[in-house]
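# Descriptive analysis of the structure
This is what each chain is made of:
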Number of protein chains: 2
Amino acid sequence: MNDLVIRPATPHDVPAIVALLAADPLGVGRESPDDLAPYYAAFERMAADPHQHPTVAVRDGRVVGTLQLSVIHGLSRRGATRTIIEAVRIHSDERGNGLGSRLITWAVEESRSLGADLVQLTSDASRVDAHRFYERLGFTGSHIGFKLQL
Amino acid sequence: MNDLVIRPATPHDVPAIVALLAADPLGVGRESPDDLAPYYAAFERMAADPHQHPTVAVRDGRVVGTLQLSVIHGLSRRGATRTIIEAVRIHSDERGNGLGSRLITWAVEESRSLGADLVQLTSDASRVDAHRFYERLGFTGSHIGFKLQL
């Protein structure tokens, strides 16, 4: 595992990130890996925002994991800054080898460097293994996450 | 209810917003309304970020509600843009009169104008009335929200 690099994503990583998003059981129906145009456009919007940190984990030149870290300044909790982790995906070849844990631990350390007081994320209620994973890493599943599709 | 105005918060609203945050049962232990300096500093950080929309509801010149709307561009869901609603508070004098519903409906419409495909929020698992409220407004409580204090 010495050859693993966690680094900011670039536009060149977009196809590999989309492949990871689409390989997910919940993602398969909502991604379009054969039409990358909307993803490149979205990557440009993210790149223009200094508070968005699209990230990849690369092993032997191959993208094997991804997540997005977002910084949100706010007033509550004495003006606390929080980060939000979204779109965490690990390549199926890499499951169970600790990569997920390394990637989330990286995101927590990066959040600390970015001045965050709190890290948060939501996980679909059906992903029971993921919940145990986040609890082992010190997260508390104290909230219900609500979504409204527009 | 005709005199209600929902508008962007300004630094002048900070004391009233903090009073609302501190009046909340979960907020009372984690806010410091007698020391506003960290809140003014946080408001400056938010004002410097075009994707943060601290918002107040004002009736007869008095702040009676608040929320923060944040825009997050991302790759997942075909490059979807999502908004996150945080720090929703309604003055105790105004509960049960539909103000909460107006404020969230405003946030959903504003999210649409900002180009969002998805609106999301988390609510502490203990706030059972709030969960019913969000479900009535069309939200689905499909996720578990995890937090890690740094």
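Here goes a summary of the coordinates provided. Residue positions are given per chain, counting from 1 as you read along its sequence in written order. Following the order in which they are written, the chains are lettered starting with A and the ligands numbered starting with 1. Under the rules for a predicted model, residues below a pLDDT of 70 receive no local features and side-chain atom pairs below 80 are neither given nor counted, while totals for whole chains, interfaces and linings still include all residues. Just so you know, side-chain values use all the structure's heavy atoms and leave hydrogens and water out.

Moving on, we get to the interface of chain A and chain B. When checking whether two residues touch, look at their non-hydrogen atoms; a contact exists if any pair is within 4.5 Å. The partner chain B presents 61 residues to the 61 residues of chain A that form the contact. Counting the surface chain A buries against chain B, the share from its top three residues, Leu75(A), Phe146(A) and Lys147(A), is 16%. Here, a salt bridge means any Lys or Arg side-chain nitrogen found within 4 Å of an Asp or Glu carboxyl oxygen. Seen at the junction of chain A and chain B, the total is four salt bridges. Between Glu86(B) and Arg82(A) there is a salt bridge, with its nearest N and O atoms 3.2 Å apart. N or O atoms closer than or at 3.5 Å make up a polar contact, with two conditions inside protein: a donor-capable atom paired with an acceptor-capable one, and, for residues adjacent in sequence, both atoms drawn from side chains. Counting every contact that joins chain A to chain B gives 36 residue pairs in polar contact (both at pLDDT 80 or more). Two parts placed together each lose some accessible area under a 1.4 Å probe, and adding up what both lose gives the buried area.

Attention now goes to the nonpolar core. Throughout, nonpolar core names a set of buried Ala, Val, Leu, Ile, Met, Phe, Trp, Tyr and Cys residues whose side chains join them through atoms within 4.5 Å. Buried, partly exposed and exposed residues are distinguished by accessible area as a fraction of the type maximum, computed with a 1.4 Å probe on protein chains only: under 20%, between the cut-offs, and over 50%, respectively. One finds Leu67(A), Ile85(A), Ile104(A), Tyr134(A) and Phe139(A) to be the most contacted residues of the largest nonpolar core, which totals 20 residues. Looking at this core, the elements that each hand over two or more residues are strand S3 (62-73), strand S4 (81-90), helix H4 (99-113), strand S5 (118-124) and helix H5 (128-136) of chain A together with strand S6 (140-149) of chain B. Considering each element in turn, this core owes the most residues, five residues, to H4(A). Not counting residues within four places of it along the chain, the set of residues in contact with Leu67(A) comprises His53(A), Pro54(A), Thr55(A), Ile85(A), Glu86(A), Ala87(A), Val88(A), Leu103(A), Ile104(A), Trp106(A) and Ala107(A). In this structure, Leu99(B), Val119(B), Leu121(B) and Phe133(B) belong to the second largest nonpolar core, which totals 19 residues. Runs of E in the DSSP output that reach at least two residues are strands. Runs of H or I that reach at least four are helices, and both are numbered from the N terminus.

Bringing the packing of helix H1 (residues 14-23) of chain B against helix H2 (residues 37-47) of chain B into the picture now. Residue and element names in this part refer to chain B. Working convention: axes come from line fits to C-alpha atoms, limited for helices to the stretch in contact. Angles between N-to-C directions cover 0 to 180 degrees. At a minimum axis separation of 10 Å, H1 and H2 run at an interaxial angle of 110°. Taken together, H1 and H2 sit at an angle that is classed as roughly perpendicular. Taken as a pair, H1 and H2 cross one another with a handedness that is right-handed. Residues Val14, Pro15 and Val18 of H1 touch H2, and the partners they reach there are Tyr39, Tyr40 and Phe43. Amino acids are sorted into nonpolar (Ala, Val, Leu, Ile, Met, Phe, Trp, Tyr, Cys and Pro), charged (Asp, Glu, Lys and Arg) and polar (every other residue, Gly among them). In the contact of H1 with H2, the residues fall into six nonpolar, no polar and no charged. When an angle is under 35 degrees it counts as roughly parallel; over 145 it counts as roughly antiparallel; between 65 and 115 it counts as roughly perpendicular; any other value is oblique. Should the near helix be turned anticlockwise from the far one by less than a right angle, the crossing is termed left-handed; should it be turned clockwise, right-handed.

The next point concerns unusual backbone geometry. All names here are of chain A. At Asp60, a position not held by glycine, the phi torsion is positive, near 50°. Relative to the assigned elements, Asp60 resides in the loop between strand S2 (52-59) and S3. Taking relative accessible area as the criterion, Asp60 reaches 65% and is therefore assigned exposed.

Turning next to the relation of the copies chain A and chain B. For the pair of chain copies, the relating operation is a rotation around an axis with a shift along it. Fitting of the copies onto one another was done by least squares over C-alpha atoms, counting residues only where both copies have pLDDT of at least 70. Least-squares fitting of chain A to chain B yields an RMSD of 0.0 Å, with the transformation described by 0.0 Å of translation along the axis and a rotation of 180°. Both copies of the chain, as the preceding transformation shows, are related through a two-fold rotation axis.

With that settled, the discussion passes to the sheet that holds strand S5 (residues 118-124) of chain B. Strands were regarded as paired on the criterion that DSSP finds at least two bridges between them. The strand order across the open sheet built from 12 strands is S1(A)-S2(A)-S3(A)-S4(A)-S5(A)-S6(B)-S6(A)-S5(B)-S4(B)-S3(B)-S2(B)-S1(B), with neighbouring strands paired in mixed fashion. With one partner strand each, in any of the chains shown, strand S1 (4-8) of chain A together with strand S1 (4-8) of chain B form the two edges of the open sheet. For this sheet the average axis-to-axis angle between neighbouring strands, irrespective of direction, equals 25°. Where S3(A) and S4(A) come together, eight bridges link them in antiparallel fashion.

Cavity means a closed set of points on a 1 Å grid over the protein atoms alone, one where a 1.4 Å probe fits but cannot get out, pocket means an open set with protein on both sides within 12 Å along at least 5 of 7 lines, and lining means a residue has an atom within 4 Å of a point. Grid points are joined across faces, edges and corners, and a volume is the space filled by probe spheres set on the points. Counting across every chain of the model gives seven cavities of 30 Å³ or more. Its boundaries defined by the atoms lining it, the largest cavity holds a volume of some 120 Å³. If you trace the largest cavity, you find 14 residues lining it, with Thr122(A), Ile84(B), Gln120(B), Leu121(B) and Thr122(B) closest to the centre. When residues of the lining of the largest cavity are traced back to their parent elements, those giving at least two are S4, S5 and strand S6 (140-149) of chain A together with strand S4 (81-90) and S5 of chain B. Along the lines of polarity and charge, the residues of the lining of the largest cavity split into five nonpolar, six polar and three charged.

By themselves, these are just geometric observations and shouldn't be taken as functional.
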